[in-house]
Amino acid sequence: DVKVTQSSRYLVKRTGEKVFLECVQDMDHENMFWYRQDPGLGLRLIYFSYDVKMKEKGDIPEGYSVSREKKERFSLILESASTNQTSMYLCASSGRGRGYEQYFGPGTRLTVT
Amino acid sequence: GEDVEQSLFLSVREGDSSVINCTYTDSSSTYLYWYKQEPGAGLQLLTYIFSNMDMKQDQRLTVLLNKKDKHLSLRIADTQTGDSAIYFCAEREGGSTLGRLYFGRGTQLTVWP
């Protein structure tokens, strides 16, 4: 079974702090994704990566950056957390064959106070 | 970007069939997906269908694809209370090698005993 893990299920940070969210997948997938999920807005893509050290902006990249130094790990960084970044963050990965389906981690619920 | 639309809510009685509908805009989409999200969890892939298929059946799940109308549906037979969750429809961006998916906002399915 594909496994995508995220470093924390719940996180509480203060405004202005630098926040790291980590995601690891064990299926040797090329593509990795970071989404945020807010009530009524569905999933919105923040950033994605199709290879080590490669990244592409999604629909809402402002206030975020990413890092992919190893194939299995994709990090989302909030340089200076703000209250409007309180949300559920979901990581996903996909391969390049078959149905290109994405597999999701359990999510990190981040609260910025 | 692509636009994927779903109704927000559906309520059914236990034992009845549920039908969740979705429309999409990208006529070149190659794959379409259904995901399930239980409270506080990540998204779980239920099934996907390739665009040259009209129907796919997997146990209690039946996916119907009308490519002419760009309409996708998920039928759950003999719906159980454990099927209560949010269901997301997604399409894969046509012509893309990156595997980006576009998600609908999700349909909250409530199953009454």
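For clarity, every value in this text was computed on a predicted model and none was experimentally measured.

Parameters and conventions
- Residues numbered from 1 in each chain as written.
- Chains lettered and ligands numbered in written order.
- Predicted model: local features only at pLDDT ≥ 70, side-chain atom pairs only at ≥ 80, totals over all residues.
- Heavy atoms only, no water.
- Helix = DSSP H or I, 4+ residues; strand = E, 2+ residues; numbered from the N terminus.
- Rg over C-alpha atoms; globule rule 2.2 N^0.38 Å.
- Buried < 20%, exposed > 50% of the residue type's maximum accessible area, 1.4 Å probe, protein only.
- Areas by Shrake-Rupley, 256 points an atom, 1.4 Å probe, with all protein chains shown as cover.
- Phe/Tyr/Trp six-rings, centres within 6.5 Å; stacked < 30°, edge-to-face > 60°.
- Lys NZ or Arg CZ within 6 Å of the ring centre and 35° of its normal.
- Polar contact = N/O pair within 3.5 Å; in protein donor to acceptor, adjacent residues only side chain to side chain.
- Contact = heavy atoms within 4.5 Å.
- Disulfide = S-S within 2.5 Å.
- Buried area = accessible area lost by both parts, 1.4 Å probe.
- Salt bridge = Lys/Arg side-chain N within 4 Å of Asp/Glu carboxyl O.

Chemist: Looking at this structure, how should I read the overall build of chain A?
Modeler: Within chain A, the regular secondary structure consists of 0 helices and 11 strands. Ordered by position in the sequence, the α and β elements of chain A form the string β-β-β-β-β-β-β-β-β-β-β. Computed over its C-alpha atoms, the radius of gyration of chain A comes to 13 Å, within 12% of the 13 Å expected for a compact globule of 113 residues. Per-residue burial over chain A gives 50% buried out of 113 residues. When the accessible area of chain A is evaluated, it comes to approximately 5400 Å², of which 48% is carbon and sulfur surface.

Chemist: Would you mind showing me how to read the packing of aromatic side chains here?
Modeler: Applying the stated criterion across every chain, the model contains 14 aromatic pairs over all chains. Ring-pair connections join several aromatic residues into one group, and the members of that group are Phe33, Tyr35, Phe48, Tyr100 and Phe104 of chain A together with Tyr31, Tyr33, Tyr35, Tyr48, Phe50 and Phe103 of chain B. One Lys or Arg, lysine 56 of chain B, reaches over the ring of tyrosine 48 of chain B and ends 4.6 Å from the middle of that ring. Taking NZ or CZ as reference, arginine 92 of chain B lies 3.6 Å from the ring centre of tyrosine 100 of chain A, over its face.

Chemist: What is the right way to read the side chain of serine 18 of chain B from this model?
Modeler: Residues and elements named next belong to chain B. Assignment of secondary structure puts serine 18 in strand E3 (residues 18–24). Given a relative accessible area of 0%, serine 18 falls into the buried group. Within the local environment of serine 18, its side chain forms a polar contact with the side chain of threonine 79, the two groups lying 2.7 Å apart. Ignoring sequence-local partners within four residues, the contact set of serine 18 consists of Leu10, Val12, Leu74, Arg75, Ile76, Thr79 and Leu109.

Chemist: Please clarify how the state of the cysteines should be interpreted in this entry.
Modeler: What is meant by a disulfide is a covalent connection between two cysteines, made through their sulfur atoms. This structure, assessed with the given rule, holds 2 disulfides over all chains. Note on cysteine connectivity: cysteine 23 of chain A is disulfide-linked to cysteine 91 of chain A, with sulfurs 1.8 Å apart. Because the torsion about its S-S bond is -75 degrees, the bridge between cysteine 23 of chain A and cysteine 91 of chain A counts as left-handed. Of this pair, cysteine 23 of chain A sits in strand E3 (residues 19–25) while cysteine 91 of chain A sits in strand E9 (residues 87–94), placing them 68 residues apart in sequence. What makes cysteine 23 of chain A buried here is its relative accessible area of 0%. Each sulfur of the disulfide joining cysteine 22 of chain B and cysteine 89 of chain B lies 1.9 Å from the other. Taking the torsion about the sulfur-sulfur bond, which here is approximately -60 degrees, the covalent link between cysteine 22 of chain B and cysteine 89 of chain B counts as left-handed.

Chemist: Looking at this structure, how should I read the interface of chain B and chain A?
Modeler: Often, the extent of an interface is quoted as the loss of accessible area upon association of its parts. Listed per partner, the contact involves 18 residues of chain B and 25 residues of chain A. Both sides of the chain B and chain A interface together cover about 1800 Å² of buried area, and 56% of this is carbon and sulfur. For the interface between chain B and chain A, the tally reads 1 salt bridge. The partner of aspartate 59 of chain A in a salt bridge is arginine 100 of chain B, and the shortest N-O contact between them spans 2.4 Å. The interface formed by chain B and chain A contains 6 residue pairs in polar contact (both at pLDDT 80 or more). Looking at which element gives the most residues to the side of chain B that touches chain A, the answer is strand E4 (residues 31–37) of chain B, with 4 residues.

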